[in-house]
Amino acid sequence: MLRYINNITLRIDYSTIFSALGYKRKSTELPDLFRKEIKGWIDEALHAVKLDAVTARCEISFPDDESVLLSPEGSNPEGSQPETIRIASASLRRFLSSSSKALIMGITAGSAVTELIDKYQIENMTKAVVLDAAAGEIVDAGFDYIVSLLNRELARESGRLLSKRFSPGYGDLTLNAQGDFFRLLDMEKLGVTLTDSFILKPRKSVIAITGIVY
Amino acid sequence: MTDKKHISDMLSGKIIVLDGATGTELQKRGMPAGVCPEIWAIENREIQKSIYKSYADAGSGIIYTCTFGANQLKLQQYGRDDVENINRTLAEMAKEAAGSKALVAGDIGPCGHFISPFGDIDFDDAVKMFKRQVQGLLDGGADLFVIETQMDIQEARAALIAVKEITDAFTIVTMTYEPDGRTLNGTTPEAALVTLQSLGADAAGCNCSTGPEEMLNLVKRLKGISRVPIVAKPNAGMPRIENGKTVFPMGPSDFASFALPFAEAGVNMMGGCCGTTPLHIKLLADEISKYKPLPAAENNLVMLSSPAEALVTQKGSSLQIIGERINPTGKKKLQGELLEGKLSIVRAMASRQQESGAQLLDINAGMPGIDEKETVVKIINTLAPVCRLPLVIDSSSPDVVEAALRIYPGRALINSISGEKSKMEKLLPLAAKYGAMFILLPVADNELPSSHKRRGEIAETVYEKAEKMGFTKNDIIVDALVMTVSSSPDAALETLKTIRWASENGFSSVIGLSNVSFGLPHRVIVNSSFLSMAAASGLTHAIANPDETALMWAKHASALLTGKDKDASAFLEFASLHSETQAGTRTAEMRESSSQPAGTDISSDSIREGIISGIREDIVIHVNRALEKGGEPPEILEKIMIPAILHVGELYDSRKFFLPQLIASAETMKKGFEILEPLLGEKGRKSCGKVLFATVEGDIHDIGKNIVVLMMRNYGFDVMDLGKDVAADKIIKAAKEFKPDIIALSALMTTTMVKMPEIIARAEAENIRVPFMAGGAVVTREWAGSIGAHYSKDGVEAVRVASSLIGGKI
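Keep in mind that what you see is a predicted model, and the values were worked out from it rather than measured.

Caption draft 1: Looking closely at the overall build of chain B. If you tally the helices and strands in chain B, you get 34 helices and 25 strands. Overall size of chain B, expressed as C-alpha extent along the three principal axes, is 100 × 80 × 55 Å. Expressed as a percentage of the 810 residues in chain B, the buried residues total 53%.

Caption draft 2: A look at the overall build of chain A. Helix and strand content of chain A: six helices and nine strands. Overall, the C-alpha framework of chain A stretches about 55 × 35 × 30 Å when taken along its three principal axes. Across the 214 residues in chain A, those meeting the buried criterion constitute 48%. Put simply, 74% of the contacts in chain A that link residues at least 6 apart link residues at least 24 apart.

Caption draft 3: Representation of unusual backbone geometry in the model. With omega at 0 degrees, the peptide bond leading from A:Lys201 into A:Pro202 counts as cis. Tracing the chain through its elements places A:Pro202 in the loop between β8 (200–201) and β9 (205–213). A cis amide bond links B:Asn415 to the next residue, B:Ser416, at an omega of 10 degrees. Looking at the element boundaries, B:Ser416 is found in strand β16 (residues 413–418). Not every positive phi belongs to a glycine, and B:Asn446 is a case in point at roughly 55 degrees. Under the C-beta neighbour-count criterion, B:Asn446 is labelled exposed, with 6 such atoms within 10 Å.

Caption draft 4: Quick look at the domain arrangement of chain B. Along its sequence, chain B is carved into domain 1 (4–288), domain 2 (301–576), domain 3 (586–679) and domain 4 (689–805). Centre-to-centre separation of domain 2 of chain B and domain 3 of chain B, based on C-alpha positions: 51 Å.

Caption draft 5: Expanded view of the environment of B:Ala105. All names here are of chain B. Assignment of secondary structure puts Ala105 in strand β3 (residues 103–108). Sequence separation between Ala105 and Ile172 is 67 residues, and the spatial gap between their C-alpha atoms is 8.9 Å. Beyond its immediate sequence surroundings of up to four residues, Ala105 is in contact with Ile62, Tyr64, Thr65, Ala142, Asp143, Leu144, Phe145, Val146 and Ile172.

Caption draft 6: Fine view of the interface of chain B and chain A. Every contact between the two is made by 46 residues of chain B and, on the other side, 52 residues of chain A. Listing elements by their share of the side of chain B that touches chain A, those giving two or more residues are α2 (23–28), α5 (72–77), α24 (586–593), α28 (659–676), α29 (703–714) and α31 (750–753) of chain B. The element contributing the most residues to the side of chain B that touches chain A is α28(B), with six residues. In terms of residue class, the side of chain B that touches chain A is built from 18 nonpolar, 22 polar and six charged.

Caption draft 7: Main features of the sheet that holds strand β10 (residues 269–270) of chain B. All names here are of chain B. Here eight strands make up an open sheet; going across it, the order is β1-β10-β7-β6-β5-β4-β3-β2 and the pairing parallel. Looking at the sheet topology across the chains shown, the edges are occupied by β1 (16–17) and β2 (62–64). As paired elements, strand β6 (residues 203–207) and strand β7 (residues 230–233) share four bridges and run parallel to each other. Bridged to Asn207 within β7 is Lys233. Where helix α9 (residues 189–199) meets the sheet, it contacts β5 (171–175) and β6, and its direction lies at approximately 145 degrees from that of β6.

Caption draft 8: Quick peek at the packing of helix α7 (residues 123–139) of chain B against helix α8 (residues 153–166) of chain B. Residue and element names in this part refer to chain B. Relative to each other, α7 and α8 sit at 50 degrees, their axes nearing to 8 Å. Taken together, the axes of α7 and α8 lie oblique to each other. Two packed elements cross with a definite hand, and for α7 against α8 that hand is right-handed. The residues of α8 that touch α7, namely those facing Phe123, Ala126, Val127, Phe130, Lys131, Val134, Gln135 and Leu138, are Glu155, Ala158, Ala159, Ile161, Ala162, Val163, Glu165 and Ile166. Grouping the constituent residues of the contact of α7 with α8 by class yields twelve nonpolar, one polar and three charged.

Caption draft 9: Expanded view of helix α15 (residues 344–356) of chain B. Residues and elements named next belong to chain B. Look at α15: 18 Å from first C-alpha to last across 13 residues, which is about the 18 Å you get at 1.5 Å a residue. Within α15 the residues assigned to the buried category are Val346, Arg347, Met349, Ala350 and Gln353. In a view along the axis of α15, the buried residues occupy a sector of 165 degrees, so they form one face of it. Those residues of α15 that are exposed and angled more than 90 degrees off the buried face are Ser344 and Ala348.

Caption draft 10: A look at the confidence of the model for chain B. All names here are of chain B. Looking at chain B as a whole, its pLDDT mean stands at 92, while 96% of the residues score no less than 70. The low-confidence segment residues 581–585 (pLDDT under 50) makes four contacts with residues lying over four places distant or belonging to another chain. The low-confidence segment residues 590–600 (pLDDT under 50) makes eight contacts with residues lying over four places distant or belonging to another chain. Across the assembled chains, the prediction reports ipTM 0.91 with pTM 0.86.

Caption draft 11: Examining the environment of B:Leu513 more closely. Residue and element names in this part refer to chain B. Mapped onto the fold, Leu513 is located in the loop between β19 (508–512) and α21 (523–536). The class for Leu513 is buried, based on 26 C-beta atoms found within 10 Å. As a C-alpha pair, Leu513 and Asn545 span 32 residues in sequence and 9.1 Å in three-dimensional space. Not counting residues up to four positions away in its chain, the partners in contact with Leu513 are Val482, Asn527, Phe530, Leu531, Ala542, Ile543 and Ala544.

Caption draft 12: Fine view of the sheet that holds β16(B). All names here are of chain B. On the basis of which strands lie adjacent, the closed barrel formed by eight strands has the order β13-β14-β15-β16-β17-β18-β19-β20 and parallel pairing. On average, adjacent strands in this sheet sit at an angle of 30 degrees to one another, irrespective of strand direction. Looking at chain direction, strand β15 (residues 391–394) and β16 are connected through three bridges and run parallel. Opposite Ile393, over in β16, you have Ile414 as the bridge partner. On top of the sheet, helix α18 (residues 421–434) reaches β16 and β17 (437–441); it is set at about 150 degrees to β16, its chief contact. Packing of helix α20 (residues 491–504) onto the sheet brings it into contact with β18 (476–479) and β19, and relative to β19 it is tilted by some 160 degrees.

Caption draft 13: How the structure looks around the pairing of β18(B). Residues and elements named next belong to chain B. Because side chains alternate across β18, one face comprises the buried residues Ile476 and Val478, and the other comprises Ile477 and Asp479, equally buried. Both β17 and β18 contribute to a ladder of three bridges, which runs parallel. Opposite Ile439, over in β18, you have Ile477 as the bridge partner. Between the parallel elements β17 and β18, the chain passes through helix α19 (residues 452–468) in a crossover that is right-handed. Strand direction decides the pairing type here: β18 and β19, joined by three bridges, are parallel. Across the sheet, Asp479 pairs through a bridge with Val510, a residue of β19.

Caption draft 14: Geometry of the environment of B:Ile768. Residues and elements named next belong to chain B. Assignment of secondary structure puts Ile768 in the loop between α32 (755–765) and β24 (772–775). On the neighbour-count criterion, Ile768 (18 C-beta atoms within 10 Å) is partly exposed. The spacing of Ile768 and Pro740 is 28 residues in sequence and 9.6 Å in space, taken between C-alpha atoms. Ignoring any residue separated from it by four or fewer positions in sequence, one finds Ile768 in contact with Ile732, Ala735 and Ala763.

Caption draft 15: Representation of the packing of α19(B) against α20(B) in the model. All names here are of chain B. α20 packs onto α19 with a crossing angle of 40 degrees between their chain directions and a minimal axis gap of 9 Å. Between α19 and α20, the interaxial angle falls into the category oblique. Pair α19 / α20 crosses with right-handed handedness. The residues of α20 that touch α19, namely those facing His452, Arg455 and Gly456, are Glu494, Lys497, Thr498 and Trp501. When its residues are assigned to classes, the contact of α19 with α20 shows one nonpolar, three polar and three charged.

Caption draft 16: The nonpolar core, seen in detail. With 332 residues, the main nonpolar core has A:Leu131, B:Ile380, B:Ala404, B:Ile414, B:Ala542 and B:Met712 as its most contacted residues. The element that contributes the greatest number of residues to this core is helix α5 (residues 125–155) of chain A, accounting for 15 residues. What B:Met712 contacts, discounting residues up to four positions off in sequence, is B:Val691, B:Phe717, B:Val719, B:Ala798, B:Val799 and B:Ala802.

Caption draft 17: Representation of α8(B) in the model. All names here are of chain B. Under the 1.5 Å per step criterion, the end-to-end length of α8 is 20 Å for 14 residues, consistent within 8% with the ideal 20 Å. Burial within α8 is extensive, with eleven of its 14 residues counted as buried. Structurally, α8 contributes buried residues whose contacts are with β3, α7, β4 (144–150), β5 and α9.

What counts, and at which threshold
For every chain, the first residue of the written sequence is number 1, and numbering continues from 1 onward in sequence order. Lettering of chains starts at A and numbering of ligands starts at 1, both following the order in which they are written. Per-residue local features are limited, in this predicted model, to residues with pLDDT of at least 70; the limit for side-chain atom pairs, both in listing and counting, is 80 or more; totals at the level of whole chains, interfaces and linings are taken over all residues. The secondary structure listing takes helices from DSSP runs of H or I that are at least 4 residues long and strands from runs of E that are at least 2 residues long, numbered from the N terminus. Exposure classification rests on a simple neighbour count of other C-beta atoms within 10 Å of a residue's own: a residue reaching 20 or more is buried, one at 12 or fewer is exposed, and one in between is partly exposed. C-beta atoms are placed from the backbone. Residues are defined as contacting one another if the C-beta atoms placed from their backbone atoms lie within 7 Å. The source of the domain bounds is an automatic or database domain assignment. Polar here means any residue outside two lists: the nonpolar Ala, Val, Leu, Ile, Met, Phe, Trp, Tyr, Cys and Pro, and the charged Asp, Glu, Lys and Arg; Gly therefore counts as polar. Strand pairing follows a simple DSSP-based rule, namely that at least 2 bridges must link the two strands. Axis definition: a line fit to C-alpha positions, over the contact stretch in the case of helices; interaxial angles, taken between N-to-C directions, run 0 to 180 degrees. Oblique is the label for every angle not falling under 35 degrees (roughly parallel), over 145 degrees (roughly antiparallel), or within 65 to 115 degrees (roughly perpendicular). In a left-handed crossing the near helix is turned counterclockwise from the far helix by less than a right angle, and in a right-handed crossing that turn is clockwise. Here the expected span of a helix is defined as 1.5 Å times the quantity of residues minus one. When we speak of the arc, we mean the arc of directions from the helix axis to the C-beta atoms. Each residue carries a pLDDT value, the predictor's own confidence for that position, ranging from 0 to 100. Crossovers are described as right-handed under a simple rule: with the strands pointing away from the observer, the path leading from the first strand over the helix to the second runs clockwise. What makes a nonpolar core is a set of buried Ala, Val, Leu, Ile, Met, Phe, Trp, Tyr and Cys residues, with links drawn between C-beta atoms within 7 Å.

Here's what the structure looks like:
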């Protein structure tokens, strides 16, 4: 069964976003007012982001060395059994080899923030770059949030998530797999669409998979 | 079920010891990983009963049923739907095992989904779902209820309402807080306590997540504002992973050594969570029985909360602004948006008022042509997750008020309940059920009293009724009724007298400020003067527009002058943000720092400084000034601007600048160049070379490419930018027409990166023999080399690579 988490609220450190923009505490010389201005832009990005996520817990099996079968747990709301997907990827197979189950996660920062970034690419590129980095880091922090949420629940079943995540595009897991995950997660419900080249829109949307170990 | 009073009486005499962990004990006794603990506990009845009994024997006055995950949604994961049956069985087992030694609390844990607006489960569906569990537990003989390990305040509310709508049993609610002191969803302990104790939790506190050391501080924070007993159930220390397993490191005697500090902090019920054992509980019980419980402190605190934060103030200690903007009356644009069902203006207004210093936000959606209830619910669901200010539900319809109170994941303020009989009858019970505060409008049936005396009488009448439902004066704010001074000269004085009456009689007070100046010119002056006078009379709340800086100055100055801002810190902080001298941007700082000594060439230094500092706003002035002084455009460009931007590149390379500074400088340079470009004569600027740029087909990410294009143009390259998602055909066609010296390609994804070698092969086949550059997040130096392209990691390097490719010197 799919699980939706809407309006994820995050407390994000300015320093994380500054680092993503190349800020080095020891060497970067940044005037105070510029720092303040950038912080204001980061706040603006935080306001514009609407972070929504969906997760699916899956049974996994390995039919051979180069693929993984993923079957979502539970049934669909209308009672039907969700479809099992087969992902051809030796690297994902290796990544999940010690796991008993898998967790597939999809997350999006929403379209408002990408529209804001596009608007500022024309009006104020500096601001656009800051908003873009902030939105990227927020999405990343969103995954961390989901991982800590799930770990807390899994602790009661003596389980935990792997500390790493795997996304389409890593190793031999092609972006085409993004299509399979996208359908499994029914991400259209989050307002996300998939382009012909398997890219998620709005841009600040990401899919990742990790293992559950007991 | 045990009478609530019996448990309260127990609590007045001693600190009640709760039980320890169930999950980790089940695992020790053989429960395999990944099974449903509740079903396993029923199938292994004797094991579960021995755990129950071991805690009762250890000294737990209350044991929890093993029904943490026995809700409909969790059980469904294991293919079970007999929720009532499972809960009843486990409660019966607990009662049998506990005998007369301990009371049994029916345990309700999180359902594994978040509740709207934080998740996909509708609020009323969640209440319904929890009711099934509550009913089962009640049938099994549970004496009281505990809702525990909650991280979503909305879910805790749904479960609490489920209990309250079925039974009057004593109910404990504990949330779980991360080491940073908030729930994973960002709720502070104070916000949760204010929300839950108002909603009817009989005891509240925290469990799980941390060990006793970290939890002690939370108990101290909660005790200061609690009206109910405080509960703590820490883990046996902070969990850590050892050999892939979660380990709780704290032994029983170390755990029990926290009895004294917790008793001193004011805990009223204490047990253990994950990793604690019957021995932990036995030693804790032995130790904690030596101490007497502390009752809740008497206080005059006015408490409201949003899902994120609590607004707790000593009554009368400050003047709070209730932001009035979210109200469609007289706002055409907002009306239009609400009619269309959109909320972007509402979101912007909320965020703006929050930034301007409002402490509360009034929500009013009363206008013809819309479904008020639906709109208010939608506004609350939109604002609750993003707004840290508590909301004020402003409606004359009890239906709307009820719908709003039911779903608002905080403690709201109702605006308002009057002395009209029908209003009181409908609204007071609603306010009591959902624990809301309310504004008391001293208006009776067919009577709008003009004297403060009569207003006071009506207020007393309403209060008498409210008191019987459990309200105190801390929960009520009396509206001092502002009338228009232009039509009734004594109205303002009478309002001030009403404020004083409220203050002398222990009530907070509020005014709808702007009414006073209706029909007058210079309303802001009248309003802010009246606000100061009202503040001096003891006003605690004003419904006003926090964007009116004059009002906010009056608020802060009044606090200073009435001794409520003793060290002037609030005034000085406000002043530092609003003084003229501080109001500038980086431009002001730049202007100040570039006051040049006489005799230097001010404009050329200013251009250089402007580019290096990235102050776009001033570069036009500086360049124009240099031109006025007779500067030659090519010279300004070659001798001032290019060296300045080269210097910026060096600063970026040595990490003295980071990306935003680099881009701000590049944008400033671009702006300055736009003035010079038409003046550079027929030859224009000497081009360093022609670059054709594109983000490859399928790729919609182009911010990196745009940065490189900006940089290249600044350095004098003639760039044709084809944009993003560009097909190979288009690139080849453009290359034939534009005849570039270099073709530069960008890709951010592994799937689109593979288009690069295809384009290079196409170009070769079409006999386009120019060097290729490649870059973008996934592209590496090695990979670019392997397809025969030149790599650069960022804009600065791209300029250098491009320059070397065409034999330049940059």
